[in-house]
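# Working through the structure, step by step
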Amino acid sequence: MLKRVHFPPSVLPYLLVAPQIIITLVFFIWPASQALYQSLLVEDAFGFSTKFVWFENFEALFRDESYLGAFRRTAFFSLLVAFIAMSAALTLAAMADRIIRAARIYRTLLIWPYAVAPAVAGALWLFMFDPTLGILAYMLKFFGVEWNFRVNGNQAMALVILAASWKQISYNFLFFLAGMQAIPKSLIEAAAIDGAGPARRFWTIIFPLISPTTFFLLVINIVYAFFDTFGIIHAVTKGGPAKATEILVYKVFNDGFIGLDLGGSAAQSVILMAIVIVLTVIQFRYIERRVAY
Amino acid sequence: MVENRPLATFISHVVLIVGVLVVAFPIWVTFVAATHDQVRMAQAPLPLLPGTHFFENLMETLTLGVGNARGQPVGMMMLNSLVMALMIAIGKIAISIISAFAIVYFRFPFRMAFFWLIFITLMLPVEVRIIPTYGVVANLGMLDSYWGLSIPLIASATATFMFRQVFLTIPDELLEAARIDGAGPMRFFKDILLPMSRTNIAALFVILFIYGWNQYLWPLLITTDKSMYTIVMGIKAMLEAAEEAPEWHLIMMSSLLAMLPPVLVVIGMQRLFVRGLTETEK
């Protein structure tokens, strides 16, 4: 944590941490405490008076069917995004791990979607699935599928899940591949000599050995699906049709900025903060374990 | 290669090539759309092979703007994005490296308190505190400015942690030697720590540049003036108009321009990028 040798005390360290601490206080701590405080208030429709109501906003949220719906939707959305993005990446990484010579080329060809902004990724998928013109929508119609994600909620959900997973494959691929390449080759060779084929080796040796990576990626992917997919949802469906793709982050934004329900939105923010804290703690505990291991 | 199985190797290649094609397909479609004119882009089925209007579309997009954002040239938006991304990346690196320096190399009251204060920022992504943060920025009069776009996103626990890790691996003997030679703290920082963490700074810069360039929610909230639009949020304004009068050839050209800089950075600096990605997650 601290060096054994250090510089004599002076005002210098305070000056050095000052910029970061000031920005943290002004733009992180103060707004977060505002959100905490706001979440305990009810404001009338015109903003003339506010009343302190303890946890009424939270109680109202958990009675509100539309909020609970958003919760379930978010869980479904993030689990599915994590599952699709991770299984696709795992398959590709397992294949790339077999061919060492060309692995770097494939890596180059697979990692760049990481750099595409979520909103831009949304725009690309929106274009391909545009009900009147999109290429993939055209193909679906050719096969007799009534495709219109602007009307059909399930199709809208499928579209945002696809766009969100597409963007995350590259990140997962990088970490899976690194995890597999860190496995000592002697283990794989020993199994091969004992007569285990590639599939058997994968499931009995490689997959268990990369389980820490898998768990780490699961947490990261869920965090990604919870928060970073806002751009995709906002650009593609705006939470619609009929709230079919309204996930929690989108609802905070929508209720607060469009609906101007400050207390309710603040309460939602607080719940989201609690979720981030839990996920961060899980991630850190896991990382400590990995270091010891 | 553990054993020689030509068939398995062949299948691996096939799976990977299919994977690459699936991943690249959206980009191909985007590129093709950006090379046709409006007439061709309004009739289904859309083309799958490039047309001849690439440079026309490029010039129109860069200088005139598209859809709801018409009058705001995409060239300007890209400049805004660039300024924002650079301010965020450089700002984050600058403030985190000096605070990590203070926390590792000095013993002073409240050192741990500061450390935890920085740690907490990890748990407060902008999405969960948007409304009050917007209030703070509005009160400071930073709406519609580069400062408002970048400063609130500048504090970062991950960068501070990364520099802290790097500094902890630098041997104490260097500091002792520097002190014997009469170097003060800032001299030590400038002549020893900075050069020794050069690669880490570069790797971090790659990650943060992409992070900054791809910001969406924050610019959306605090810019109302079209001249401050960044390209990523500008595309959203274009899409809104697309429901009535689709100008897909221009929208897709803008999308192409929006992803070009970060994608080039990732591919061109792949080694640094992978390093940055794995280091910041530690």
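Notes on the structure in this doc start here. (Residues numbered from 1 in each chain as written. Chains lettered and ligands numbered in written order. Predicted model: local features only at pLDDT ≥ 70, side-chain atom pairs only at ≥ 80, totals over all residues. Heavy atoms only, no water.)

Check the secondary structure of chain A and you find 13 helices and 2 strands. A globule of 293 residues ought to have a C-alpha radius of gyration of about 19 Å, yet chain A, at 24 Å, is considerably larger. For the C-alpha atoms alone, the extent of chain A along its principal axes is close to 80 × 75 × 30 Å. Going through the 293 residues of chain A one by one, you find that 57% of them count as buried. Sequence-distant contacts in chain A: of pairs separated by 6 or more residues, those separated by 24 or more amount to 66%. Taken as two groups, the 22 positive and 16 negative side-chain charges of chain A have centres that lie 13 Å from each other. (Helix = DSSP H or I, 4+ residues; strand = E, 2+ residues; numbered from the N terminus. Rg over C-alpha atoms; globule rule 2.2 N^0.38 Å. Buried < 20%, exposed > 50% of the residue type's maximum accessible area, 1.4 Å probe, protein only. Contact = heavy atoms within 4.5 Å. Lys, Arg positive; Asp, Glu negative; His and termini not counted. Charge placed at Lys NZ, Arg CZ, Asp CG, Glu CD.)

The secondary structure content of chain B amounts to 14 helices and 0 strands. Secondary structure elements of chain B, listed N to C terminal, follow the sequence α-α-α-α-α-α-α-α-α-α-α-α-α-α. Here the C-alpha radius of gyration of chain B, 24 Å, is well above what a compact globule of 282 residues would show, namely 19 Å. For chain B, the spread of C-alpha atoms along the three principal axes comes to 75 × 65 × 30 Å. When each of the 282 residues of chain B is scored for burial, the buried share is 56%. Taking all contacts inside chain B whose residues are at least 6 apart in sequence as the whole, residues at least 24 apart take part in 72%. For chain B, the accessible surface area stands at approximately 11,600 Å², while carbon and sulfur atoms represent 68% of it. Averaged over its 17 positive side-chain charges, chain B has a centre that lies 10 Å from the centre of its 18 negative ones. (Areas by Shrake-Rupley, 256 points an atom, 1.4 Å probe, with all protein chains shown as cover.)

A word on the interface of chain B and chain A. With 118 residues of chain B in contact, the opposing surface of chain A contributes 100 residues. For the chain B and chain A pair, buried surface summed over both sides reaches about 10,000 Å², with 78% attributable to carbon and sulfur atoms. Summed over the shared surface of chain B and chain A, the number is 0 salt bridges. Counting the contacts that link chain B with chain A gives 11 residue pairs in polar contact (both at pLDDT 80 or more). Looking at the side of chain B that touches chain A, the element that brings in the most residues is helix H1 (residues 6–33) of chain B, giving 18 residues. Split by residue class, the side of chain B that touches chain A holds 85 nonpolar, 17 polar and 16 charged. (Buried area = accessible area lost by both parts, 1.4 Å probe. Salt bridge = Lys/Arg side-chain N within 4 Å of Asp/Glu carboxyl O. Polar contact = N/O pair within 3.5 Å; in protein donor to acceptor, adjacent residues only side chain to side chain. Nonpolar A, V, L, I, M, F, W, Y, C, P; charged D, E, K, R; others polar.)

The axes of two packed helices give the description: the angle between them and the distance between them. Viewed as axis vectors pointing N to C, helix H1 (residues 12–38) of chain A and helix H3 (residues 74–105) of chain B meet at an angle of 130°, and their least axial separation amounts to 8 Å. Considered as vectors, H1 of chain A and H3 of chain B are oriented oblique to each other. Seen from above, H1 of chain A lies across H3 of chain B with left-handed handedness. Here Pro13, Leu16, Val17, Pro19, Gln20 and Ile23 of chain A of H1 of chain A lie close against H3 of chain B, whose contacting residues are Ile95, Ser96, Ile98, Ser99, Phe101, Ala102 and Ile103 of chain B. Tallied by class, residues from the contact of H1 of chain A with H3 of chain B come to 10 nonpolar, 3 polar and no charged. (Axes fitted to C-alpha atoms, helices over the stretch in contact; angles between N-to-C directions. Parallel < 35°, antiparallel > 145°, perpendicular 65-115°, else oblique. Left-handed = near helix turned anticlockwise from the far one by under 90°.)

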